[in-house]
Amino acid sequence: MTVLTLRALEKHYGSIKAVDHVDLQLESGEFMAILGPSGSGKSTLMRMVAGLESPTAGDILVDGQSVVNVPPQHRNVAMVFQSFALYPHMTVRDNILFPLVSRKVPKHEHEARLNKATSMLGVEDLLDRRPNRLSGGQQQRVALARALVRDPDLFVFDEPLSALDAQIRSRARAELRELHDQTRITTLYVTHDQVEAMGLADRVAVINEGRLHQVGTPQELYNDPADLFVAGFIGNPPMNLIPINETTVAGIRPEDMLVDPEGDVSNVFIDLAVTIEHIEYLGSEWLAHGQAQSDADTHGQELHVIARLPASSHPDFVSGQKCRMVGQRKDVCLFDRASGKRQARAEVPA
Ligand code: ADP
């Protein structure tokens, strides 16, 4: 069942199209991340779903009903923001119960719902404290309990983990996913952090300049980027993008670049003479950064390329050294240079 539908959704601020004709569907129980760089329209999109902004055009349906004219407090959408926005003068208990009080949920239901939400988040022992006596991680769990107590149709998160320290962020990420697995509440999760999006979500919607570029599982985005933007955004470092003629750009992942391969390599598609600039050691792997001269019409411009090598390979390159970087046809995605779109495999010469 589809819980949320965005239909040709638009939001303009003067001449800026913050959200530009977005079509999207979330199925029941799904965890979807909206991923894009700063200023790409993520928050605007989310604020329209929550009812904090009205669309310039298009429609938003929750369970098949348009909610565009429904005020936020009457949408059964629970939001968790970057700043947890707990009420400082209230205890944890009153913070969590607040959505029930403000929505006039009968009092006899409060205790059971409070208990369920607090035990799921493990904050039962904090009920009498004020928010300023809580750690960042505890505040986040209380904010989640407050969102959960409403039993919402839809959870909307706006970068909920970005205020946390890096150390507890990865644990908070795991907890969030566990919570989702327990509750199966349909979730829309906004982030600029691809590690969060790829690690948490069932599907990721990549947005840039207000437009959706691709919606897919993390594996689909990584293995089959739909266009040059996604290819150059997903992955750390992202795909090497190498112009191979006037109309086509070849994309290849750093781990698929073969450096000075020994023996014959089959189906060579990319073959670059590279000057190593530096080698970066990352514990489990090395990144070899280099400059290459592309075969194509790059107007003599040098091309930056990166190869990823396993830690066990102990590369002995030094800066300035020349090497060969080779890509096989099976590992290459081709894109149309003008439109940025992926070329269908059938169009591509073997
Ligand atoms: P993100 O959440 O991806 O960082 P936003 O949705 O906040 O992006 O912003 C998308 C675009 O809309 C940006 O260019 C931003 O400057 C513009 N924008 C957002 N809110 C407003 C506003 N209230 N008034 C004018 N421009 C806005």
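Cut-offs applied
- Residues numbered from 1 in each chain as written.
- Predicted model: local features only at pLDDT ≥ 70, side-chain atom pairs only at ≥ 80, totals over all residues.
- Heavy atoms only, no water.
- Helix = DSSP H or I, 4+ residues; strand = E, 2+ residues; numbered from the N terminus.
- Buried < 20%, exposed > 50% of the residue type's maximum accessible area, 1.4 Å probe, protein only.
- Contact = heavy atoms within 4.5 Å.
- Expected span 1.5 Å × (residues − 1).
- Arc of directions from axis to C-beta.
- Near = heavy atom within 4 Å.
- Polar contact = N/O pair within 3.5 Å; in protein donor to acceptor, adjacent residues only side chain to side chain.
- Areas by Shrake-Rupley, 256 points an atom, 1.4 Å probe, with all protein chains shown as cover.
- Nonpolar A, V, L, I, M, F, W, Y, C, P; charged D, E, K, R; others polar.
- Pairing = 2+ DSSP bridges.
- Axes fitted to C-alpha atoms, helices over the stretch in contact; angles between N-to-C directions.
- Salt bridge = Lys/Arg side-chain N within 4 Å of Asp/Glu carboxyl O.
- Domains from an automatic or database assignment.
- Left-handed = near helix turned anticlockwise from the far one by under 90°.
- 1 Å grid on protein atoms, 1.4 Å probe; cavity = no way out; pocket = protein on both sides within 12 Å on 5 of 7 lines; lining within 4 Å.
- Points joined across faces, edges and corners; volume = space filled by probe spheres on them.

When helices and strands are tallied, the protein shows eight helices and 18 strands. Across its three principal directions, the C-alpha atoms of the protein cover 75 × 45 × 35 Å. Looking at the 350 residues of the protein, the share that counts as buried comes to 49%. Put simply, 64% of the contacts in the protein that link residues at least 6 apart link residues at least 24 apart.

This paragraph deals with helix H5 (residues 166–183). Across its 18 residues, H5 extends 26 Å between first and last C-alpha, which sits within 8% of the 26 Å expected from 1.5 Å per residue. The complete set of buried residues in H5 reads Ala-172, Leu-176, Arg-177, Leu-179 and His-180. Projected onto a plane normal to the axis of H5, the buried residues spread over an arc of 155 degrees and lie on a single side. Residues of H5 that are buried make contact with strand S3 (31–35), helix H3 (110–121), helix H4 (136–148), strand S7 (154–158), strand S8 (186–191) and helix H6 (194–200). Downstream of H5 by a residue or two, Arg-184 has a phi angle that is positive, lying close to 55 degrees.

Taken together, Tyr-13, Ile-16, Ala-18, Pro-37, Ser-38, Gly-39, Ser-40, Gly-41, Lys-42, Ser-43 and Thr-44 make up the full set of residues near the ligand. At 2.5 Å, a side-chain N or O of Thr-44 approaches an oxygen atom of the ligand. Contact with the protein chains covers 59% of the free accessible surface of the ligand, which is 570 Å². Ranked by residue count, the leading element in the shell around the ligand is helix H1 (residues 42–50), at three residues. Of the residues that constitute the shell around the ligand, the class distribution is four nonpolar, six polar and one charged.

Here we come to the sheet that holds strand S5 (residues 65–66). Strands pair in a sheet through their backbones, by hydrogen bonds, and they do so in one of two ways: parallel or antiparallel. Taken in spatial order, the four strands line up as S2-S1-S4-S5 in an open sheet, and their pairing is antiparallel. At either margin of the open sheet sits one strand with a lone partner, and together these are strand S2 (16–27) and S5. Each of strand S1 (2–13), S2 and strand S4 (57–62) is contacted by H1, which is oriented at about 120 degrees to S1, the strand it contacts most.

What follows deals with the pattern of salt bridges. One pass over the structure, following the stated rule, counts 15 salt bridges. Linking Asp-202 and Arg-177 is a salt bridge whose minimum nitrogen-to-oxygen distance equals 3.2 Å. Highlighted residues: Asp-202 in the loop between H6 and strand S9 (203–208) and Arg-177 in helix H5, separated in sequence by 25 residues. The exposure class assigned to Asp-202 is partly exposed, which follows from its relative accessible area of 27%. Given the relative accessible area of 18%, Arg-177 is considered buried.

In this section: the side chain of Asp-193. Position of Asp-193 among the secondary structure elements: in the loop between S8 and H6. Leave out the neighbours within four places in its chain, and Asp-193 touches Leu-35 and Arg-169.

We note that the domain assignment places domain 1 (2–223) and domain 2 (239–347) within the protein. One C-alpha centre belongs to domain 1, the other to domain 2; they are set 39 Å apart.

Let's shift gears to the packing of helix H2 (residues 92–102) against H4. Put simply, H2 and H4 touch, their axes get as near as 7 Å, and they point 30 degrees apart. By crossing handedness, the relation of H2 to H4 is classed as right-handed. Facing H2, whose interface residues are Val-92, Asn-95, Ile-96 and Pro-99, H4 presents Val-142, Ala-145 and Arg-146.

Considering only enclosed or pocket space, the largest pocket measures out at about 500 Å³ in volume. Along its surface, the largest pocket is lined by 21 residues, and Val-77, Met-79, Tyr-87, Pro-99 and Arg-150 are the ones closest to its centre. Put simply, the parts of the chain that give the lining of the largest pocket at least two residues each are strand S6 (77–80), H2 and H4. With four residues, the single largest contributor to the lining of the largest pocket is S6. For the lining of the largest pocket, the per-class residue count stands at 15 nonpolar, two polar and four charged. Computed from the structure, the second largest pocket encloses a volume of approximately 190 Å³. Lining the second largest pocket are Arg-113, Lys-116, Ala-117, Met-120, Leu-148, Val-149, Asp-151, Gln-182, Thr-183 and Ile-185. At the level of elements, H3 and H5 are the ones that each hand at least two residues to the lining of the second largest pocket. For the lining of the second largest pocket, the element with the highest residue contribution is H3, accounting for four residues. Grouping the amino acids of the lining of the second largest pocket by side-chain chemistry returns five nonpolar, two polar and three charged.

Let us look at the sheet that holds S8. As summarised here, the arrangement of the six strands in space is S6-S7-S8-S3-S9-S10, forming an open sheet in which the pairing is mixed. Taken across any chain shown, the strands that pair with only one partner, and hence form the sheet edges, are S6 and strand S10 (211–216). Direction aside, the axes of adjacent strands within the sheet are offset by 20 degrees on average. Where S3 and S8 come together, five bridges link them in parallel fashion. Bridge pairing in S8 links Phe-31 to Thr-187. In this fold H1 packs onto S3, S6, S7, S8 and S9, with an angle of close to 150 degrees to the strand it touches most, S7.

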